[in-house]
Amino acid sequence: MAAESSRSRIPPFHVMDVLAAANERARTHGDVLILCAGQPSTPAPGPVLRATREALDSRVLGYTETFGIRDLREAIAAHHRAVSGIEVEADDVVVTTGSSGAFSLLFLAAFDVGDTVVVARPGYPAYRNTLTALGCRVVELDCGAASRFQPTVAMLAALPQPPAGLIVASPANPTGTVIDPDELAALARWCSAHGTLLISDEIYHGIVYAGRTASAWQTSRAAVVIGSVSKYFSMTGWRLGWMLVPSELRRPLQRLASNLTVCPPAISQYAAIAAFSAESRTELAGHVRRYAANRELLLDGLAELGITDLAPADGAFYAYADISELTRDSGAWCADILARTGVALAPGIDFDTVRGVCSVRISFAGGSAEIAEALSRLATVL
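Residues numbered from 1 in each chain as written. Predicted model: local features only at pLDDT ≥ 70, side-chain atom pairs only at ≥ 80, totals over all residues. Heavy atoms only, no water.

1. Side note on the pairing of strand E12 (residues 359-363)
Okay, step 1: Counted residue by residue, E12 has five buried out of five residues, so it is predominantly covered.
Okay, step 2: Sheet topology places strand E9 (residues 318-322) next to E12; five bridges connect them, and they run antiparallel. In the strand pairing of E12, alanine 319 is matched with isoleucine 362.
Okay, step 3: Pairing of strand E11 (residues 346-347) with E12, which is carried by two bridges, proceeds in the antiparallel orientation. Paired with alanine 346 across the bridge in E12 is arginine 361. (Buried < 20%, exposed > 50% of the residue type's maximum accessible area, 1.4 Å probe, protein only. Helix = DSSP H or I, 4+ residues; strand = E, 2+ residues; numbered from the N terminus. Pairing = 2+ DSSP bridges.)

Here it is as structure tokens:
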């Protein structure tokens with residue numbers, strides 16, 4: 001009998017367990033409302049679906065270049081030039097199997113066993129867990145309301161020594177907070193001056209309600225920018241992401257990617273080119289308007305239920321709430337809520353290793369009627 005490896009003994013992504021329980025509830029009761037998943041409830045834009053059919057009919061869909069087809073990389077580069085005003089060429093772009101694939105490749109290419117990488121707490125658990133599995137030392141910065149749940153230069157300067165890497169996300173998961181552009185620029189300059197690789201997760205760009213987003217490459221091209229078609233572009237299951245990388249990382253990434261994945265999914269690559277079209281943009285802007293309406297509906301509804309200690313939901317599609325007055329075990333609390341109401345929520349234990357037991361993440365990416373119904377059901381038990 002094969003023994004499990006030590007690297008596999010990392011915490012699970014608990015929200016996937018909640019999603020599995022929600023799917024079982026849907027099978028047995030047919031009444032589930034899924035507010036736990038961090039994904040849009042809408043299909044890919046119409047132009048993407050048409051491009052998919054065309055590719056299926058006209059292309060062999062074999063292996064592509066390891067870093068992705070040229071036309072897609074050109075489209076991604078043009079997207080960054082238009083949105084962020086930064087100089088990006090196709091050769092700067094590395095297309096990956098989702099942003100998850102981008103992080104795994106980058107961690108392998110940039111960090112050795114024992115290297116220290118800094119992340120925010122609360123934050124996306126896969127950063128911490130993947131780095132741990134690869135033998136890195138993860139240092140969590142306690143980022144509370146005082147810093148709007150984002151790391152600061154002062155926090156980095158207080159470390160005993162500069163880390164090998166720093167991961168920031170703006171808008172962030174689970175809090176939805178946006179890093180002020182001046183603060184992001186200051187973080188980029190600090191990292192550049194101290195030999196720290198700044199990894200800027202920008203996959204929620206385009207979904208913003210307050211403030212404005214900036215790109216790390218507006219300040220430092222020594223940073224790595226992570227993008228994805230999953231969130232704003234409503235294409236989670238297509239598993240397509242990308243990185244903007246400095247030139248010295250291209251060959252290491254190519255060596256690893258060609259061995260680990262050969263290339264990203266061909267059908268997703270050909271289809272995703274259409275995601276950057278003007279027609280797709282119009283459709284996606286409608287999604288963002290719906291998210292904004294859902295955000296107001298959810299925040300107002302939670303306040304009526306007495307849940308008022310929330311992170312500022314500047315962007316993305318999450319409300320991250322302190323529920324310490326309701327529970328000290330968010331995992332059990334979410335399981336009980338699902339059993340009693342059919343509403344699936346994500347426990348904070350995924351996102352915060354200290355205070356996550358008293359926190360919950362609620363996604364408002366679904367339909368407005370679903371949000372209203374979920375609030376109505378929660379009112380019966382809160």
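Read on, since the account is not over.
2. Describing the packing of aromatic side chains
Okay, step 1: Applying the stated criterion to the full structure yields 14 aromatic pairs.
Okay, step 2: Between the aromatic rings of phenylalanine 107 and phenylalanine 111, the centroid separation amounts to 6.2 Å while the plane-to-plane angle is 35°, which identifies the pairing as tilted. Comparing phenylalanine 107 with phenylalanine 111, the two get one shared label, buried.
Okay, step 3: Considering the side-chain rings of tyrosine 291 and phenylalanine 317, the 5.3 Å spacing of their centres and the 65° angle between planes classify their relative orientation as edge-to-face. Note that tyrosine 291 is positioned in helix H10 (residues 278-304) and phenylalanine 317 in the loop between H10 and E9, a separation of 26 residues in sequence.
Okay, step 4: By relative accessible area, tyrosine 291 is classed as buried at 1%.
Okay, step 5: Through a chain of ring-to-ring contacts, the aromatic side chains of Phe13, Phe103, Phe107, Phe111, Tyr124 and Tyr127 assemble into a single cluster. (Phe/Tyr/Trp six-rings, centres within 6.5 Å; stacked < 30°, edge-to-face > 60°.)

3. Regarding the UniProt feature "domain: Aminotransferase class I/classII large" (unreviewed entry) in the protein
Okay, step 1: UniProt records the feature "domain: Aminotransferase class I/classII large" (unreviewed entry) for residues 31-377 in the present numbering.
Okay, step 2: Counted over residues 31-377, helix gives 39% and strand 15%. Its end C-alpha atoms are 11 Å apart. (UniProt positions renumbered as here; feature names shortened; annotations may be inferred.)

4. Thoughts on the side chain of threonine 66
Okay, step 1: Locating threonine 66 in the fold gives a position in the loop between helix H2 (46-58) and helix H3 (70-84).
Okay, step 2: Its relative accessible area of 14% is what places threonine 66 among the buried residues.
Okay, step 3: Looking at threonine 66, its side chain comes within polar contact range of the main-chain oxygen of valine 262, at 3.0 Å.
Okay, step 4: Threonine 66 has contacts with Val95, Gln254, Ala257, Ser258, Val262, Cys263 and Pro264, leaving out every residue within four places of it along the chain. (Polar contact = N/O pair within 3.5 Å; in protein donor to acceptor, adjacent residues only side chain to side chain. Contact = heavy atoms within 4.5 Å.)

5. So, the sheet that holds E11
Okay, step 1: Taken in spatial order, the three strands make up an open sheet running E9-E12-E11, and their pairing is antiparallel. The open sheet terminates on both sides in strands that have one partner only, identified here as E9 and E11.

6. Considering the sheet that holds strand E2 (residues 93-96)
One key point about sheets: their strands pair by backbone hydrogen bonds, in either a parallel or an antiparallel sense.
Okay, step 1: Reading across the sheet, the seven strands line up as E2-E8-E7-E6-E5-E3-E4 and stay open at both edges, with mixed pairing between neighbours. Edge positions in the sheet fall to E2 and strand E4 (137-142), since each of these pairs with one other strand and no more. When strand polarity is set aside, the average angle formed by the axes of neighbouring strands in this sheet is 25°.
Okay, step 2: The pairing of strand E3 (residues 116-121) with strand E5 (residues 165-169) spans two bridges and is parallel. (Axes fitted to C-alpha atoms, helices over the stretch in contact; angles between N-to-C directions.)

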